[in-house]
Amino acid sequence: MNRRTFLALSSALAIAACTTAPVETPNRLGPDGRPLPKVYRIGPGDRGKIQYRLLDSVNALRQAAGAAPVSLNAQLNAAAATHARDMAVQNRPWHFGSDGSSPIDRVRRVGYPGRLIGEDISETYETELETLAAWMENPDTKRVVLDPNATDLGFEWHQEDNGKIWWVMVLGAAGGAAPIQS
């Protein structure tokens, strides 16, 4: 064997020794025999990335449906954040707050000047895009996402220590829309 071949073979073996094969982690199964959910951990610096990833996805779906894009709205984000935390405290996904508030009440409290289009909620271990996909499979929540009157979007969540995420998306119509009436 000539010297070049020996050096090339030695280098290749040295490089191969430095790499590791991916470790397969077995899926843990629940009592029903189905795989347990994998925890999607949200880091402290992920808020903007998650909100804009969802906004881009919602706008792509809206464009495909012929609806105008929506913009992220800080007031609707605040209403969504309040309700996400409150659902976690109540330990149930529903549209009413522990104080009896409705989505309209929460949007009014944050001073949103337009009208509420709708609120989509979820209790899950899934990512924001998996949650959006689930909302698109349900006719009621899909209608909120694609409502042609929507101009603004609020999106927030609360993640518990065990990984469970409470997602809330609120859509509203600002501008020329009539304000929310009592």
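A quick note: this is a predicted structure, and the numbers were derived from the prediction, not measured.

Caption draft 1: Summary view of the pairing of strand β3 (residues 152–159). Of all eight residues in β3, seven are buried; the element is thus mostly enclosed. Of the strand pairs in this sheet, strand β1 (residues 71–72) and β3 are connected by two bridges, and their pairing is parallel. Bridging from a neighbouring strand, Ser71 pairs with Asp152 of β3. Sheet analysis places β3 next to strand β4 (residues 165–173), joined by eight bridges and oriented antiparallel. Following the sheet pairing, Gly154 is matched in β4 by Val170. Turn length for the β3-β4 hairpin, with the two strands adjacent in sequence and antiparallel, is five residues, and the turn residue Gly163 shows positive phi of about 105°.

Caption draft 2: Just the environment of Gln90, in detail. Within the secondary structure, Gln90 sits in helix α3 (residues 74–90). Once residues lying within four places of it in the same chain are set aside, the contact partners of Gln90 are Phe96, Gly97 and Ser98. Within polar-contact distance, the side chain of Gln90 engages the side chain of Asp86 at 2.9 Å.

Caption draft 3: Focus on the pattern of salt bridges. Enumeration according to the criterion identifies eight salt bridges in this entry. Linking Glu128 and Arg53 is a salt bridge whose minimum nitrogen-to-oxygen distance equals 2.6 Å. In this pair, Glu128 is assigned in helix α5 (residues 128–137) and Arg53 in helix α2 (residues 47–64), connecting sequence segments 75 residues apart. Classification of Glu128 by relative accessible area gives buried; the value is 2%. By relative accessible area, Arg53 is classed as partly exposed at 36%. Across the pair Arg143 and Asp140 runs a salt bridge whose closest N-O atoms are separated by 3.1 Å. Separated by three residues within a single helix, Arg143 and Asp140 lie in helix α6 (residues 139–146), roughly one turn from each other.

The rules we used
- Residues numbered from 1 in each chain as written.
- Predicted model: local features only at pLDDT ≥ 70, side-chain atom pairs only at ≥ 80, totals over all residues.
- Heavy atoms only, no water.
- Buried < 20%, exposed > 50% of the residue type's maximum accessible area, 1.4 Å probe, protein only.
- Helix = DSSP H or I, 4+ residues; strand = E, 2+ residues; numbered from the N terminus.
- Pairing = 2+ DSSP bridges.
- Contact = heavy atoms within 4.5 Å.
- Polar contact = N/O pair within 3.5 Å; in protein donor to acceptor, adjacent residues only side chain to side chain.
- Salt bridge = Lys/Arg side-chain N within 4 Å of Asp/Glu carboxyl O.

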